[in-house]
Amino acid sequence: MRLPITRLLVANRGEIASRIFRTAHQRGLSTVAVYAPPDAAAPFVRMADLAVPLVGTSAGETYLDVEQLIAAARLAGADAVHPGYGFLAENPDFAQAVLDEGLVWVGPTPDSMRLMGSKVDAKAVATRLDLPVPPSAEIVGDDPAKWSAAAEAVGFPLLVKASAGGGGKGMRPVLGPADLAEAVRAARREAASAFGDATVFVERYLAQARHIEVQIFGDSQGQVIHLGERECSIQRRHQKVVEESPSPGIAPETRELMLEASVTLARSVAYLGAGTVEFLVVGSGGEQELFFLEMNTRLQVEHAVTEAVTGFDLVAMQLDVAVGEPLGITQDQVRFDGHAIEVRVYAEDPAAGHLPSTGTVSRWTETPGVRWDSGVETGSVVTPYYDPMLAKVVAHAPGRTEAAAVLARALRTCRVHGVTTNLGCLAAVLESTPFLQGATTTDFLDRHPDLLAAATPHVLRRAHLVAATLHAQGLRRSAASVLSFAPTGWRNVGGSSRTATFAIGGQPTMVEYRMGAAGAVEVMVDGTAGAVLLHGVSDESVDLEVDGLRAVYAVTAESAVSGDSPADESSARTVWVTGGGWTTRLVEPPRFPVAEGASVVGGLVAPVPGTVTAVLVAAGAEVKVGELLVLVEAMKMEHRITAGVAGLVTGVLVSAGDSVEAHQALVAVEPQVPAETGDGGAS
Amino acid sequence: MAGHDTDDPLGAGIVTGLGVVSGVECVIVANDPTVKGGAQGPTSVAKALRAMEIARVNRLPLVSLAESAGADLPKQAEIFIPGGASFKNLTQLSAAGIPTVTLVFGSSTAGGAYLPGMSDYTILQRGAARVFLGGPPLVKMAIDEDADEEELGGAEMHARTSGLADYLAVDEVDALRQGREVVAHLRWRKRGPAPVTAVPDPPAHDPDELLGIASADVRTPFEVREVITRVVDGSRFEEFKPLYGSTLVCGWAELCGYPVGILANNGILFSEEAQKGAQFIQLCNRTDTPLLFIQNITGFMVGTRYEQGGIIKDGAKLINAVSNSTVPHLTLMVGASYGAGNYGMAGRSYDPRFVFSWPNHRIAVMGPKQLAGVLTIVARQKTEKAGEVFDEAAFAPLRDAFEAQVEAQSTALYATGHLWDDGIIDPRDSRTVLGIALSACHSEVVEGAARYGVFRM
């Protein structure tokens, strides 16, 4: 047995780093974070006792740089390294480097990582143990003809997968032979960048299958136990988004077979630590067929559902077995309690092909009653450099329906503003009939595309517009330096309504409103009148009754609303509203935009008497604002004459060498009407 | 409503008001080109001069939005001499440290050219502003020059060549934006004290009830305390001398957070009321407390007993106090304003900072019926002195016509048409209007009087 760990470095970022630190701190361990510059302000960096900055920006330059990580461990005096998941978690060379440094590697041995981490080798092991595997073949060499031969042997449709991969990275679906070569090249590129290993293979694509996996755990005494199964069928772009335990769609006999096979497989390689054996299950009831897919030699994102139903802390167990402690529990002592469901919250737009969204998280308010493992907080910046997962959220309840309801409500009532997320889509999935019936297969989202683009109900869209309007109104009132007692827009001669203009998803909308007595507000949204009662406004919310329904709407305005500052009125304002289970992003165009060409300083005349030293445009040229047109030298100084407006040069009135008087015209530019610019409100 | 029931029935071609620009309370004077192309008639001139007076006495920056056809030429005789004062006022405001900002959106020519010309800051809209002393036809006639309007007075020319334009705006919104930036950079600081209560309580009694409290017929008395409690913060009113001179209600309150002394009539003024009012005004001046006069007054009491009791001397004390008081005065007309009571209660001619009227307001030297009656008595006396018999029936149409004329000339509409007030307001808005007016007054120092005229004892 090794000495106990005292200082643990986590070679990872975001929510998993925080998750590991939490357990480490509970066990009295000192912790070390490593971070790339884009993560400098991330919560996990501050959560650790010590943090070591890495040099570089991309994952390859930082979290995948073994040398830097080992140097960081040395610098911080860490005696153990936990790799988290992703990045180098399944890289045996990194594990070996950690061990060579004399540190504890919190994970399986490099040998078993190498064996089981290779999907090809793992399948060979499975085949030896009589586990059915989907037809597959390795892709070797650079000859597309050879690739085709391998693919034909497997049969279409198929998946190109990264041998070292996981998490959908390096995975490409191929429907027919024509798409194969491109898919292989793309998968190799992605695999090389994500895992440092470009090896890929092709595997038969099984339609209408469930993705079910078994959590196993081994210790150095040779004991291997399982902690039940997880179903992770609901995926987007081959990445899991909803995970649960137990599986709602597995027959008892299939389950038994799967659990037993997983333990056997792990035992056959004397597996140490946490691992996952993944299967595809096709068919239902007694007709179910089971295929071994791969083994993940790491802790998985979805380990939290297993923790919920078993009551174990899997990170704590990893730390125990890593120093040679026995597991301390036998298979008989593992009890399963209730049902747990996890969702992954991503900064992405499900309605736009899961396009990642970046920006500042202007509000991050988690709802109680569920487990949040979050990598961000209010003010965090979501960068394009890493995986856009913001958090995983886990609900645990006696039954599946209840767990789904608890989780859906948590997602509907949390407040995440600043970046577009898949929260609404996840809630819609959990509330959908097919999900509640357990009809979950890996093509779930393809079969239910309506869940991706669920639109805010009309009545709520209206309420959100009113909330955004009255929030700004209330803040302007309370920020007013004078006459704050007077109602907004008050005029002694009566007068017209106030108006607020917003764009939602690029669609312009107008809210007209008139403040009455005791919180009564007459509103008109897109021409439809309504009665509103304003109960209160705070910086972060509006308590509002719209058309007879009262609710508190969380509102985040991403810039100041003070009417006292002209500068604030010259730029668009983005406002996020959450209420009634939905979140809306609204963009308010500037009240007083700075007109193009408004800040012309010089213009197209000579500012002083002097000599033209260069003419840089010709008649007929189109010029942009700020484009250099003429140089005039006077009193040893060079004056740059630039275009104040975009337009067409209709005449050049001077040439190089000319002497010019002050204010003499140099170039004639006919302004062109700028094209209508969108508000950028698409979200 | 300025100009209503006058010889200038279209009224003013300008809109004037108080508004907040970039957090600064300003007087806004804006041409309204929809009235005679913004041509300035006598009512426009009177309104503009009043607006400038408000800017001066309350120390409020003046923002002008100019687009005017110039003088209303058929009425030139009525405006040429009084209107000239506006340019003097502009530079005197500037000299007093009160900024003047003018945004020119259109024509501002001839005399109107001095509006930007006399302002501290000018913003001219490109392609729209035209500022020159003489337009192309006049230039042609005067010096036989063929001048181009843009060359003569366009925004570009004034921005680049003449220097009359400090800022060049590309369009209206851009002009407004730049105007707001100019006001923001004034770094304006009000000289008066801030409200003593940041978040004032609304009145405990519903201001909407004010509609039912005032009498449509000013001869029907109503309790002015019912008005006060629907205007002041929390309906709290600390009454002064409640048992003495009871038809003049005096006391202290806060209005939109500002401390204020209130004098309010419940009808006739007697000697006690006049003395009480004079004392109260002096007390408020000692504590630099602004005064609110709420007029519902049928006049000073007449009759032998009261004359012998010295009501002239006592009335004089009140007029002395109100004339020499230097704290801001606000006057609210909620019913009758007849006779010298109008003076003692800071009527228009006593230069209150603001005067506002309710629609039921009546104002005249005395009630129409009383005036007609007095006229009848005088006529009878004259007839009988001549030894003739007074024909009551024959005089009746004359008396009725006179009564009707006085009635017509004493309405709130007639009064506001003649700029005897600063506007008719909805009674329910009284608190907001007075709050805005009080806040405006506090842009200037609030300081009580050091001395008064000799009080006749």
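In this text the structure is predicted, and so the values were computed from the model without any measurement.

Caption draft 1: Fine view of the overall build of chain A. Within chain A, the secondary structure is distributed over 16 helices and 38 strands. In chain A, which comprises 683 residues, the proportion classed as buried is 48%. Within chain A, contacts between residues separated by at least 24 positions form 63% of all contacts whose residues are at least 6 apart in sequence.

Caption draft 2: Focus on the overall build of chain B. Across its full length, chain B carries 18 helices and 13 strands. Across its three principal directions, the C-alpha atoms of chain B cover 80 × 60 × 45 Å. Taken across its 457 residues, chain B has 52% of its residues classed as buried. Considering only residue pairs separated by 6 or more positions, chain B has 75% of its internal contacts joining residues 24 or more positions apart.

Caption draft 3: Just the nonpolar core, in detail. One finds Val27, Leu124, Leu255 and Leu292 of chain B to be the most contacted residues of the largest nonpolar core, which totals 130 residues. Residues in contact with Val27 of chain B, not counting those within four places in the same chain, are Leu18, Ala51, Ile54, Ala55, Leu60 and Leu62 of chain B.

Caption draft 4: Summary view of the sheet that holds strand S2 (residues 30-35) of chain A. Residues and elements named next belong to chain A. Reading across from one edge, S3-S2-S1-S4-S5 is the order of the five strands in this open sheet, with parallel pairing throughout. A strand with exactly one partner marks an edge of an open sheet, and here the two such strands are strand S3 (50-53) and strand S5 (104-105). Bridge count for strand S1 (residues 7-10) against strand S4 (residues 80-82) is three bridges, and the pairing is parallel. Considered in S4, the bridge of Leu9 is made with Val81.

Caption draft 5: Expanded view of helix H10 (residues 303-310) of chain A. Burial analysis of H10 of chain A places seven of its eight residues in the buried class, the great majority of the element. A positive phi of about 80° marks Gly311 of chain A, the residue just after H10 of chain A.

Caption draft 6: Looking closely at the sheet that holds strand S15 (residues 339-346) of chain A. Residues and elements named next belong to chain A. Strand order across the open sheet formed by eight strands is S14-S13-S10-S11-S12-S15-S22-S20, with antiparallel pairing between neighbours. A single partner strand is all that each edge strand has here, and the edge strands are strand S14 (289-296) and strand S20 (371-374). Strand-to-strand twist of the sheet, defined as the mean angle between neighbouring strand axes without regard to direction, takes the value 25°. Relative to strand S12 (residues 239-245), strand S11 (residues 224-236) runs antiparallel, the two sharing four bridges. Following the sheet pairing, Glu231 is matched in S12 by Glu244.

Caption draft 7: The arrangement of unusual backbone geometry in detail. With an omega of -5°, the peptide bond between Phe156 of chain A and Pro157 of chain A qualifies as cis. By the secondary structure assignment, Pro157 of chain A is in the loop between helix H7 (144-154) and strand S7 (158-162). Here the residue pair Ser245 of chain A and Pro246 of chain A is connected by a cis peptide bond, since its omega of -5° sits within 30 degrees of zero. Looking at where Pro246 of chain A falls in the secondary structure, it is placed in the loop between S12 and helix H9 (252-268). Despite not being glycine, Asp288 of chain B has its phi angle at roughly 50°, a positive value. Note on placement: Asp288 of chain B falls in the loop between helix H11 (271-286) and strand S10 (291-297).

Caption draft 8: Inspection of the environment of Glu287 of chain A at higher detail. Position of Glu287 of chain A relative to the elements: it lies in the loop between strand S13 (273-282) and S14. It is 58 Å that separates the C-alpha atoms of Glu287 of chain A and Asp539 of chain A, two residues lying 252 residues apart in sequence.

Caption draft 9: Structural context of the interface of chain A and chain B. Facing the 18 residues of chain A at the interface are 27 residues of chain B. Among the residues forming the side of chain A that touches chain B, the class breakdown is ten nonpolar, seven polar and one charged.

Caption draft 10: Quick look at the packing of helix H4 (residues 92-100) of chain A against helix H5 (residues 110-117) of chain A. Residues and elements named next belong to chain A. The contact between H4 and H5 brings their axes to 9 Å, and the two run at 180°. The orientation of H4 relative to H5 falls into the category roughly antiparallel. Side by side, H4 and H5 meet where Pro92, Ala95 and Gln96 of the first sit next to Pro110, Met113, Arg114 and Gly117 of the second. Partitioned by chemical class, the residues of the contact of H4 with H5 number four nonpolar, two polar and one charged.

Caption draft 11: Examining the packing of helix H1 (residues 42-58) of chain B against helix H3 (residues 85-95) of chain B more closely. All names here are of chain B. Two numbers describe how H1 lies on H3: the axes approach to 10 Å, and their chain directions differ by 15°. It follows that H1 is roughly parallel to H3 by the angle criterion. When you trace H1 past H3, the crossing you get is left-handed. Taking contact as the criterion, the partners of Ala48, Leu49, Met52, Ala55 and Arg56 in H1 are, on H3, Ala85, Ser86, Asn89 and Leu93. When its residues are assigned to classes, the contact of H1 with H3 shows six nonpolar, two polar and one charged.

Caption draft 12: Structural detail: the confidence of the model for chain B. Averaged over all residues, the pLDDT of chain B equals 94, while 100% of them reach at least 70. This complex was scored by the predictor with a pTM of 0.83 and an ipTM of 0.86.

Caption draft 13: Fine view of the pairing of S11 of chain A. All names here are of chain A. For S11, the buried fraction is high: eleven of the 13 residues fall into the buried class. Pairing analysis gives six bridges linking strand S10 (residues 209-218) to S11, with the strands arranged antiparallel. In the strand pairing of S11, Ile212 is matched with Glu231. Joining the antiparallel neighbours S10 and S11 is a turn of five residues, in which Gly222 adopts a positive phi near 90°. Between the end of S11 and the start of S12, which pair antiparallel, lie two residues, with Arg237 showing a positive phi angle near 50°.

Caption draft 14: The arrangement of the confidence of the model for chain A in detail. All names here are of chain A. Here chain A shows a mean pLDDT of 89. Residues at 70 or above account for 95%. Taken as a whole, residues 598-602 scores under 50 in pLDDT and shows seven contacts with residues more than four places along the chain or in a different chain. Residue range residues 675-683 is modelled with pLDDT below 50. Its contacts to residues more than four positions away, or to other chains, number 18 contacts.

Caption draft 15: Focus on the pairing of strand S5 (residues 121-125) of chain B. Residue and element names in this part refer to chain B. Most of S5 is tucked away: five of the five residues are buried. Here S5 shows two buried faces, one formed by Tyr121, Ile123 and Gln125 and the other by Thr122 and Leu124. The sheet contact formed by strand S4 (residues 100-104) and S5 spans four bridges and is parallel. Within S5, the residue paired with Leu103 across the bridge is Ile123. Here three bridges tie S5 to strand S6 (residues 167-169), and the two strands are oriented parallel to one another. Each bridged residue has a counterpart across the sheet, and for Gln125 the counterpart in S6 is Ala169.

Caption draft 16: Molecular detail of the environment of Asp197 of chain A. Residue and element names in this part refer to chain A. Within the element layout of this structure, Asp197 appears in the loop between helix H8 (180-195) and strand S9 (200-204). Look at Asp197 and you get partly exposed, because 19 C-beta atoms sit within 10 Å. Expressed as a C-alpha distance, the spacing of Asp197 and Ser163, which sit 34 residues apart in the sequence, is 7.9 Å. With near-sequence residues (within four places) excluded, Asp197 lies in contact with Ser163, Ala164, Ala191 and Ala192.

Caption draft 17: Highlighting the environment of Gln223 of chain A. Residue and element names in this part refer to chain A. Here Gln223 is to be found in the loop between S10 and S11. Placed 49 residues apart in sequence, Gln223 and Leu272 show a C-alpha to C-alpha distance of 8.8 Å. When residues no more than four places from it in sequence are discounted, the contact partners of Gln223 are Gly218, Pro326 and Leu327.

Conventions and cut-offs
- Residues numbered from 1 in each chain as written.
- Chains lettered and ligands numbered in written order.
- Predicted model: local features only at pLDDT ≥ 70, side-chain atom pairs only at ≥ 80, totals over all residues.
- Helix = DSSP H or I, 4+ residues; strand = E, 2+ residues; numbered from the N terminus.
- Buried ≥ 20, exposed ≤ 12 C-beta atoms within 10 Å, placed from the backbone.
- Contact = placed C-beta atoms within 7 Å.
- Core = buried A, V, L, I, M, F, W, Y, C linked by C-beta atoms within 7 Å.
- Pairing = 2+ DSSP bridges.
- Axes fitted to C-alpha atoms, helices over the stretch in contact; angles between N-to-C directions.
- Nonpolar A, V, L, I, M, F, W, Y, C, P; charged D, E, K, R; others polar.
- Parallel < 35°, antiparallel > 145°, perpendicular 65-115°, else oblique.
- Left-handed = near helix turned anticlockwise from the far one by under 90°.
- pLDDT = per-residue confidence, 0-100.

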